[in-house]
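Coordinate inspection notes
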Amino acid sequence: SFPRAGSEKGGVVRKCRMVSRLAAARQSRAVLQTALAASMLVAQAAAFAPLLPSAMGRSGLLAARRATGLQMQLRARGAAPRFTPRLVVPWPVRTFRAGKTAASMAETEEAVGDKVIGEDCGCGEALTIPEMKAKIVGDIDRIGLAIRDKKASGVKDKESLQPLINDLLAAKAKFETLTGAPFDPPKAGSKPKKAAAPVQKKAGGAADEKNFAITPRAEDYSQWYADVISAAQMVDQSPVKGCMVIRPWGMAVWDELRDDLNRRIKKDLGATNAYFPIFIPLSFLSKEAEHVEGFAKECAVVTHHRLCASPDGVGLIPDPSAKLEEPLIVRPTSETIIWDMFRKWISSHRDLPMKINQWANVVRWELRTRPFLRSTEFLWQEGHTAHATAEDADGCAMEALAMYKKVCEDILAVPVITGCKSPSERFAGADATYTIEALMQNGWALQSGTSHFLGQNFAKAFDVKYQTVDQKSEYVWATSWGVSTRLLGAVVMTHSDDAGLVLPPRVAPVQIVIVPVGRGKPDSDAVVDAFLAKVVAELDAKDIRYKIDDRDTMKPGPKFYEWERKGVPIRLECGPRDVAAGKLLMALRTGGEKAEVVFDEAFGANMVSELDNMQVALLEAAKVRRATATYEVSSYKEMTDMLTAGKAGFFLTPWKCDAENEEAIKTECKATIRCYPFEGNEAGAVEGKTCFYSGKPATHMALFARAF
């Protein structure tokens with residue numbers, strides 16, 4: 001209890017002195033427990049400082065702050081109180097902050113009693129409501145004093161003070177959550193102040209990555225995408241404009257996708273891997289007229305092979321004497337150089353079909369870039385095949401497309417629509433281009449992969465012939481097909497949320513992260529480690545990718561936050577209490593309440609089942625979103641009205657193939673033909689229908705959308 005209002009403050013000061021004396025006797029655990037109980041009593045007084053301006057004064061408040069610090073130190077040393085003291089204020093005096101009487105607050109305290117609040121990490125030391133409130137008030141006073149000290153020492157710039165201000169705002173928010181009343185309520189008759197939000201920091205360094213806020217999708221979808229891939233540490237800015245640095249986590253996701261796709265390319269399509277030069281002679285690109293026209297504006301050109309000092313002595317310049325006889329193009333795609341090699345490798349029908357795949361980087365000089373979706377340099381695989389007949393070649397292109405669809409849906413949980421591109425959207429030099437189109441959460445389409453039936457165009461340009469069974473010489477038929485790191489952008493925009501990245505389990509580098517909690521005591525830590533050794537043995541047996549986050553430089557909370565932003569599907573928490581119960585606590589990245597998981601002989605199978613269920617659920621959710629945002633329209637005005645109203649998505653409509661009208665629509669409303677979907681363009685599908693734009697008899701059912 002405390003002295004009544006108006007009495008001397010000596011009682012509080014004497015208690016604080018007692019705390020100091022007791023703290024010195026650390027050898028006795030019983031004394032330590034008594035000191036902790038006393039410190040908690042005084043620390044709670046800080047919460048009621050406004051009630052007792054005359055009773056406590058500045059000396060009492062400072063003593064309470066010191067007691068709060070002592071309490072935390074004693075708790076860290078393992079001294080726990082045998083009882084939890086409660087503050088009782090028996091006299092009715094109005095508070096200056098919450099606007100309640102001390103008596104009413106005492107009633108609340110008495111009603112709540114020693115109820116444990118907050119999340120128990122497994123160490124058995126959860127806080128009571130009075131303890132929590134006292135701790136928060138102590139933190140607020142400590143941070144406020146630090147801010148005042150900085151200002152008094154001459155620090156005025158906002159950047160230096162902002163970290164402390166953010167901490168102060170966060171502490172006050174915790175106080176309001178706990179008590180139901182703001183720490184600084186508005187004065188009577190004044191308008192409530194709008195709380196200042198902490199400054200959002202953008203990822204640019206190690207410290208920033210842990211603190212900056214992700215922009216909500218509804219507020220700015222483009223910025224949300226940039227924030228998610230930065231917060232997940234997938235990509236970073238490059239000193240070269242338009243190029244990206246793929247960080248280890250982003251590269252690990254690409255590796256999972258690449259490994260799966262590489263197996264399918266070899267097994268399903270029968271292709272073998274090779275590698276070709278990144279430099280292509282300019283004359284090669286000029287051999288196929290449509291091809292050079294399609295890529296001329298995107299090519300990076302090498303003209304010299306050496307640098308020298310500038311004549312003025314400042315910097316370096318291309319050495320005039322080192323000019324190349326023929327400029328070299330930095331690979332935008334590899335058809336030309338591969339077909340030059342095919343000319344050497346193919347001579348007989350026995351050499352066909354020839355199927356080559358290459359994993360490489362390519363350069364296409366883009367004016368507007370966005371990481372993963374469109375960058376000057378990106379990673380991809382490109383397949384190139386030669387065949388004896390057109391039917392065999394076209395069949396191979398369709399097989400590649402079907403493989404891409406299966407990878408997107410089975411591995412990435414991204415549903416796609418397959419179809420044929422309009423003539424205006426065909427690959428340069430192709431007779432036909434087939435595509436898979438995905439729909440992102442904002443209703444925009446993303447071309448996620450293509451395969452091309454090249455006819456005999458490249459065979460004729462590079463004079464690639466074969467001798468038939470009946471000794472005739474004929475040109476071969478060709479295909480090419482590829483997907484790129486753009487698929488990583490598709491994964492991000494299909495599944496992620498405002499908390500960060502969400503990864504489907506089959507492409508996640510880490511499928512389960514295990515976070516030990518309640519650590520710090522050698523004996524219990526050893527017990528937990530032995531338990532986790534058994535846990536990971538079960539995960540190894542089921543070929544599950546896992547990681548134990550046992551970093552001792554970070555508390556469990558920040559670890560949870562980091563792995564959530566990286567999109568790890570499942571998090572398991574384990575502390576001494578969990579080990580004693582033979583259980584772990586499981587949290588799913590897709591949301592929902594935490595659940596206990598029993599560690600028994602079925603544990604490994606249960607984890608596999610959880611991962612499989614999440615994979616299926618992500619795909620189904622994406623399919624539902626796509627179905628909801630797919631519209632059948634019969635008039636151009638209907639589509640433009642919906643787009644103007646912000647209702648983006650896929651628009652399926654009858655269409656008369658016309659390049660000029662297609663360009664006009666693109667200019668007017670930024671929607672393009674994504675494809676003529678295979679499903680819906682069967683024989684007779686457009687019979688009796690008219691084009692929604694020109695009113696002429698329709699030739700196709702076309703799928704329009706705005707696209708990345």
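Our subject is the structure that appears above.
These figures come from a predicted structure and were not determined experimentally. (Residues numbered from 1 in each chain as written. Predicted model: local features only at pLDDT ≥ 70, side-chain atom pairs only at ≥ 80, totals over all residues. Heavy atoms only, no water.)

Moving on to the pattern of salt bridges. A side chain of one charge can pair with a side chain of the opposite charge if their charged atoms are brought near each other. By the definition in use, this model includes 24 salt bridges. Where R374 meets E366, a salt bridge forms, and the shortest distance between an N and an O atom there is 3.5 Å. In this structure R374 comes out as partly exposed when scored by relative accessible area, which is 34%. With a relative accessible area of 18%, E366 lands in the buried category. Between K583 and E596 there is a salt bridge, with its nearest N and O atoms 3.2 Å apart. One end of the pair, K583, is in strand β22 (residues 583-588); the other, E596, is in strand β23 (residues 595-598), with 13 residues separating them in the sequence. The exposure class of K583 is partly exposed, given its relative accessible area of 27%. Sharing partners across several salt bridges, the network here consists of D549, R551, K559, E562 and K566. (Salt bridge = Lys/Arg side-chain N within 4 Å of Asp/Glu carboxyl O. Buried < 20%, exposed > 50% of the residue type's maximum accessible area, 1.4 Å probe, protein only. Helix = DSSP H or I, 4+ residues; strand = E, 2+ residues; numbered from the N terminus.)

Glancing now at the state of the cysteines. The full count for this structure, using the stated rule, is 0 disulfides. Free of any disulfide, C420 has its nearest cysteine sulfur in C675, 8.6 Å distant. Classification of C420 by relative accessible area gives buried; the value is 18%. (Disulfide = S-S within 2.5 Å.)

With that settled, consider the sheet that holds strand β26 (residues 672-677). Read across the open sheet, the 11 strands follow the order β5-β11-β12-β18-β15-β14-β13-β26-β27-β25-β24; overall the sheet is mixed. The open sheet has two free edges, formed respectively by β5 (272-273) and β24 (630-632), since each of these has just one partner strand. Summarising the sheet, strand β25 (residues 650-655) and strand β27 (residues 700-705) pair through 5 bridges and their orientation is antiparallel. Of the residues in β27, the one forming a bridge with W655 is H700. Along the sheet, helix α21 (residues 659-669) contacts β25, β26 and β27; its crossing angle with β25, the most-contacted strand, is approximately 150°. (Pairing = 2+ DSSP bridges. Contact = heavy atoms within 4.5 Å. Axes fitted to C-alpha atoms, helices over the stretch in contact; angles between N-to-C directions.)

Attention now goes to the side chain of T433. Structurally, T433 can be placed in strand β14 (residues 432-439). A polar atom in the side chain of T433 sits 2.9 Å from the backbone nitrogen of F427. A distance of 2.9 Å separates the side chain of T433 from the side chain of H452, its partner in a polar contact. (Polar contact = N/O pair within 3.5 Å; in protein donor to acceptor, adjacent residues only side chain to side chain.)

Turning next to the pairing of β14. Burial analysis of β14 places 8 of its 8 residues in the buried class, which makes it a mostly covered element. Side chains A432, Y434, I436 and A438 project from β14 onto one buried face, and the interleaved T433, T435, E437 and L439 project onto a second face that is buried too. Across 4 bridges, the pairing between strand β13 (residues 417-420) and β14 is antiparallel. Bridge pairing links I417 to E437 in β14. Direction of pairing for β14 relative to strand β15 (residues 445-455): antiparallel, over a ladder of 8 bridges. The partner of T433 across the bridge, within β15, is H452. Where β14 folds back on β15, the antiparallel hairpin that results is connected by 5 residues, among which G443 adopts a positive phi of roughly 85°.

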